[in-house]
Amino acid sequence: YISSNFVHDMGSPIQKDRSSLEHWLIIDTDAGIDDAVAICLALKLGQQYGVMVKLISCVQGNCKLEQVVINVAKCREACGGRGCKVPKICVGSNKALNGTQVAATFFHGADGLGNVTDGSIADPIIDENEFTSDAIECILEVADEASKRNDVRLTLLALGPLTNIAKVMMKQDKDGVENESSLLMNVVEEFVLMGGCGNAQGNITRVAEFNIYNDAEAADYVFSNWTNTNVVVASWEYTVKHALPWETFDEIFGLDNIRHNEVGKFLSKILHHTYGNHEPKGDKVEHFERSKSGAVICDPCALIYCLDKETASSFEQVHIEVECKSELTRGMTVVDWGSYDGVSRSKNVKWLIDMDNERFLRMLRAACIDGLQ
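Quick notes on the rules
- Residues numbered from 1 in each chain as written.
- Predicted model: local features only at pLDDT ≥ 70, side-chain atom pairs only at ≥ 80, totals over all residues.
- Heavy atoms only, no water.
- Helix = DSSP H or I, 4+ residues; strand = E, 2+ residues; numbered from the N terminus.
- Rg over C-alpha atoms; globule rule 2.2 N^0.38 Å.
- Buried < 20%, exposed > 50% of the residue type's maximum accessible area, 1.4 Å probe, protein only.
- Contact = heavy atoms within 4.5 Å.
- Areas by Shrake-Rupley, 256 points an atom, 1.4 Å probe, with all protein chains shown as cover.
- Lys, Arg positive; Asp, Glu negative; His and termini not counted.
- Charge placed at Lys NZ, Arg CZ, Asp CG, Glu CD.
- 1 Å grid on protein atoms, 1.4 Å probe; cavity = no way out; pocket = protein on both sides within 12 Å on 5 of 7 lines; lining within 4 Å.
- Points joined across faces, edges and corners; volume = space filled by probe spheres on them.
- Pairing = 2+ DSSP bridges.
- Axes fitted to C-alpha atoms, helices over the stretch in contact; angles between N-to-C directions.
- Parallel < 35°, antiparallel > 145°, perpendicular 65-115°, else oblique.
- Nonpolar A, V, L, I, M, F, W, Y, C, P; charged D, E, K, R; others polar.
- Phe/Tyr/Trp six-rings, centres within 6.5 Å; stacked < 30°, edge-to-face > 60°.
- Lys NZ or Arg CZ within 6 Å of the ring centre and 35° of its normal.
- Core = buried A, V, L, I, M, F, W, Y, C linked by side-chain atoms within 4.5 Å.
- Expected span 1.5 Å × (residues − 1).
- Arc of directions from axis to C-beta.

**Student:** Would you take a moment to explain the overall build of the protein chain for this structure?
**Tutor:** Along the backbone of the protein chain there are 13 helices and 11 strands. Taking 21 Å as the expected radius of gyration for a compact globule of 373 residues, we find that the protein chain reaches 20 Å, a close match to that expectation. When the backbone C-alpha atoms are referred to their principal axes, the protein chain occupies close to 60 × 45 × 40 Å. Within the protein chain, the proportion of its 373 residues that are buried is 54%. Within the protein chain, counting contacts between residues at least 6 apart in sequence, those at least 24 apart form 82% of the total. Total accessible area on the protein chain is roughly 16300 Å²; 49% of this is exposed by carbon and sulfur atoms. Distance between charge centroids for the protein chain: 2 Å, based on 35 positive and 54 negative side chains.

Here is the structure:
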């Protein structure tokens, strides 16, 4: 079966009449503070941009898997109200393919959401079945549903380690599929991910970005086997390049902003641990000093592309391989920008370079402050 909303040419989906299609989004996340910003943007602004978040799948990464589920539910309630059950949450991998688990609680806080302990963020109401829904099966179910409808296009957004995505692809490879059109990479219109660095200036090691380093084998499998030209990468250097100036950050996310809606209140609280100026001095807590470049909030840089492709003003088509064997450079994304080694490699990855910052800021303001145009 080949869905009529696209045809295949050299293994790549080509959209037909995109304006008439429902736009579904699957978010795969490890739910740290920047993931929370991205999730809230998707839930708060999705309708405005014609995007429906169908599923949020959880993976270990910034914190342990059980906490990721709780954090996603907190985001869902911040956007939809107490007890909100939409979209569905499902549970994926609690460790990398090689059995390890590297957390980033040193940055995101012990709970992954900034250690807010003043009682202002309640524990979310979560159905027990959301702790048992299998992410791999849930992703495949949504993809299968999308493939059988001619009025839907599907985007997959990965904000954390690529363990769940690799397992979906491995399962299809092991079990087999009826035809090529059933493969996840053929059902998905675009696979957007935040991860990697093309300049060898990492954020977890000297050369590796956290999401790729956390499960290098999964990343290697995905980049090696997702051969279609519908992969989009918002890299670590892309997010650093488009950091929020501190004056703008404080305007949007400053504590006690009387113009904040519930999303603004929630995000300002969880971001304060890592990004806040912690004034007056008597209220200071352990935190990172503010960088000169501004507030680097990674995951929304990938999410806004899913809402509006015009947020990315330039990109390069590249080939990516992931280093897994070297102790020194493990997790490095080796990017072929147009090498001179005589090897012709398929440049199937759209590597984002420049962003329309004004569009980004408008989205952040619209999500956090009601009544803005």
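**Student:** What is the right way to look at the layout of surface pockets in this model?
**Tutor:** Rolled over the atoms, a probe with the dimensions of a water molecule shows which regions are left empty. Considered as a void within the structure, the largest pocket measures approximately 550 Å³ in volume. Surrounding the largest pocket, 29 residues form its lining, Phe107, Asn203, Trp236, Tyr275 and Val296 being those nearest its centre. Among the secondary structure elements, those contributing two or more residues to the lining of the largest pocket are helix 1 (33-45), helix 3 (105-108), helix 7 (210-214), helix 9 (236-241) and helix 11 (262-275). Of the residues forming the lining of the largest pocket, the biggest block, 3 residues, is contributed by helix 3.

**Student:** Quick question: what am I supposed to make of the sheet that holds strand 10 (residues 333-336) here?
**Tutor:** Paired through backbone hydrogen bonds, the strands of a sheet run either parallel or antiparallel to each other. Judged by pairing direction, the sheet is mixed, and its 9 strands sit side by side in the order 5-4-3-6-7-8-11-9-10 without closing on themselves. Looking along the sheet, the strands with just one partner apiece sit at the ends: strand 5 (88-91) and strand 10. Between one strand axis and the next, the sheet turns by 30° as a mean value, whatever way the strands run. Across the sheet, helix 4 (residues 135-147) is in contact with strand 3 (22-29), strand 4 (51-58), strand 5 and strand 6 (152-158); its angle to strand 4 comes to roughly 155°.

**Student:** Before we go on, may I ask you to explain the packing of helix 10 (residues 246-253) against helix 13 (residues 357-368) in this structure?
**Tutor:** The relative placement of two packed helices comes down to the angle between their axes together with the axis-to-axis distance. Axis separation between helix 10 and helix 13 bottoms out at 10 Å; the angle between their running directions is 20°. In terms of orientation, helix 10 lies roughly parallel with respect to helix 13. On helix 13, the residues touching Thr248, Glu251, Ile252 and Phe253 of helix 10 are Leu361, Leu364, Arg365 and Cys368. Of the residues that constitute the contact of helix 10 with helix 13, the class distribution is 5 nonpolar, 1 polar and 2 charged.

**Student:** Please explain the packing of aromatic side chains as it appears in this structure.
**Tutor:** Geometrically, a pair of aromatic rings is defined through the distance of the ring centres and the angle of the planes. Enumeration according to the criterion identifies 6 aromatic pairs in this entry. On the numbers, 6.0 Å between centres and 90° between planes, the contact of Phe107 with Tyr275 is edge-to-face. A residue pair is termed long-range when its members are at least 10 positions apart, and Phe107 in helix 3 and Tyr275 in helix 11 qualify at 168 residues. Overall, the relative accessible area of 4% leaves Tyr275 in the buried class. Centre to centre, the rings of Phe249 and Tyr275 are 5.6 Å apart; their planes meet at 40°, and the pair counts as tilted. Taken together, the residues Phe249 in helix 10 and Tyr275 in helix 11 connect sequence positions 26 residues apart. Through successive ring pairs, a cluster of aromatic residues spans Phe107, Trp246, Phe249, Phe253 and Tyr275. Directly above the ring of Trp24 sits Lys54, whose terminal nitrogen or CZ lies 4.2 Å from the centroid. Lying across the ring of Phe315, Lys350 places its NZ or CZ 4.5 Å from the centre.

**Student:** What is the right way to read the nonpolar core from this model?
**Tutor:** Within soluble globular proteins, side chains that are nonpolar generally end up buried alongside one another. Counting 71 residues, the largest nonpolar core has Phe253, Leu267 and Leu303 as its most contacted members. If one sorts the elements of this core by residue count, helix 1 sits on top with 9 residues. The residues touching Leu303, leaving out its near neighbours within four places in the chain, are Leu25, Ala38, Leu41, Ala42 and Leu157. Grouped together as the second largest cluster of nonpolar side chains are 44 residues, Ile136, Leu162, Ala166 and Ala218 included.

**Student:** Before we go on, may I ask you to explain helix 13 in this structure?
**Tutor:** The first and last C-alpha atoms of helix 13 sit 17 Å apart over 12 residues, in line with the 16 Å expected at 1.5 Å per residue. Regarding helix 13, the residues found buried are Phe360, Leu361, Met363, Leu364, Ala367 and Cys368. Projection of helix 13 onto a plane perpendicular to its axis shows the buried side chains occupying an angular sector of 160°, all on one side. The elements touched by buried residues of helix 13 are helix 1, helix 10, helix 11, helix 12 (299-307) and strand 11 (349-355).

**Student:** Before we go on, may I ask you to explain unusual backbone geometry in this structure?
**Tutor:** Here the residue pair Val86 and Pro87 is connected by a cis peptide bond, since its omega of 5° sits within 30 degrees of zero. Positive phi, normally seen in glycine, also occurs at Ala200, with a value near 60°. Checked against the element boundaries, Ala200 lands in the loop between strand 7 (190-194) and helix 7.

**Student:** So what exactly am I meant to see when it comes to the side chain of His319 here?
**Tutor:** Along the chain, His319 turns up in strand 9 (residues 312-322). Discounting residues that sit within four places of it in the chain, His319 has contacts with Val334, Val335, Asp336, Arg345, Ser346 and Lys347.

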